[in-house]
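Here is how the chains run, residue by residue.
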Amino acid sequence: MSLTKTERRQRIKFRIRKIVSGTAAKPRLSVFRSNKEIYTQLIDDVNGVTLLAASSKDKGVDIKGTNVDIATEVGKLIAEKALKAGITEVTFDRGGYLYHGRIKSLAEGARAAGLKF
């Protein structure tokens, strides 16, 4: 039985989600990556609420550059929003994607802007 790419990612995602969970004090930084855009959310899993969100479609993101550069900008943007809301620490949920390329640059951008995980 061979799995498709999305089925494989779903299995990895569920395996990660068994371990990674967010609270109001330390929310989960969830990442979704499409072919064109990248989206992030800070989620409180205890109450089932999305606290903050940022994406490459937001106005604060510079559209020029490579996808990796844009992902870094999105990481900085979500970190700035989180720090304004009083959130300094998060748990990182890579969403079943490899920690490489756009996912890695988003995480590094968030860390550079002051978010701890």
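A quick note: this is a predicted structure, and the numbers were derived from the prediction, not measured.

Asks: Quick rundown of the pattern of salt bridges? Include the residues and the values.
Replies: This structure, assessed with the given rule, holds 5 salt bridges. For Arg-17, the salt bridge is made with Asp-45, and the minimal N-O distance between the two is 3.7 Å. Here Asp-45 lies in the loop between β2 (38-44) and β3 (49-55) and Arg-17 lies in helix α1 (residues 5-17), a separation of 28 residues in the sequence. Arg-17 sits in the partly exposed class, given a relative accessible area of 28%. Note that Lys-81 is salt-bridged to Asp-58, the shortest N-O span being 3.6 Å. One end of the pair, Lys-81, is in helix α2 (residues 67-84); the other, Asp-58, is in the loop between β3 and α2, with 23 residues separating them in the sequence. Taken together, the shared-partner salt bridges connect Arg-17, Arg-28, Asp-45 and Asp-93 into one network.

Asks: Describe in detail the layout of surface pockets, supporting the description with residues and values.
Replies: The space that makes up the largest pocket amounts to roughly 440 Å³. The element best represented in the lining of the largest pocket is α1, accounting for 5 residues. In terms of residue class, the lining of the largest pocket is built from 4 nonpolar, 6 polar and 5 charged.

Reading the values: the criteria
Residues numbered from 1 in each chain as written. Predicted model: local features only at pLDDT ≥ 70, side-chain atom pairs only at ≥ 80, totals over all residues. Heavy atoms only, no water. Salt bridge = Lys/Arg side-chain N within 4 Å of Asp/Glu carboxyl O. Helix = DSSP H or I, 4+ residues; strand = E, 2+ residues; numbered from the N terminus. Buried < 20%, exposed > 50% of the residue type's maximum accessible area, 1.4 Å probe, protein only. 1 Å grid on protein atoms, 1.4 Å probe; cavity = no way out; pocket = protein on both sides within 12 Å on 5 of 7 lines; lining within 4 Å. Points joined across faces, edges and corners; volume = space filled by probe spheres on them. Nonpolar A, V, L, I, M, F, W, Y, C, P; charged D, E, K, R; others polar.

Such coordinate-based values are descriptive only and should not be taken to indicate function.
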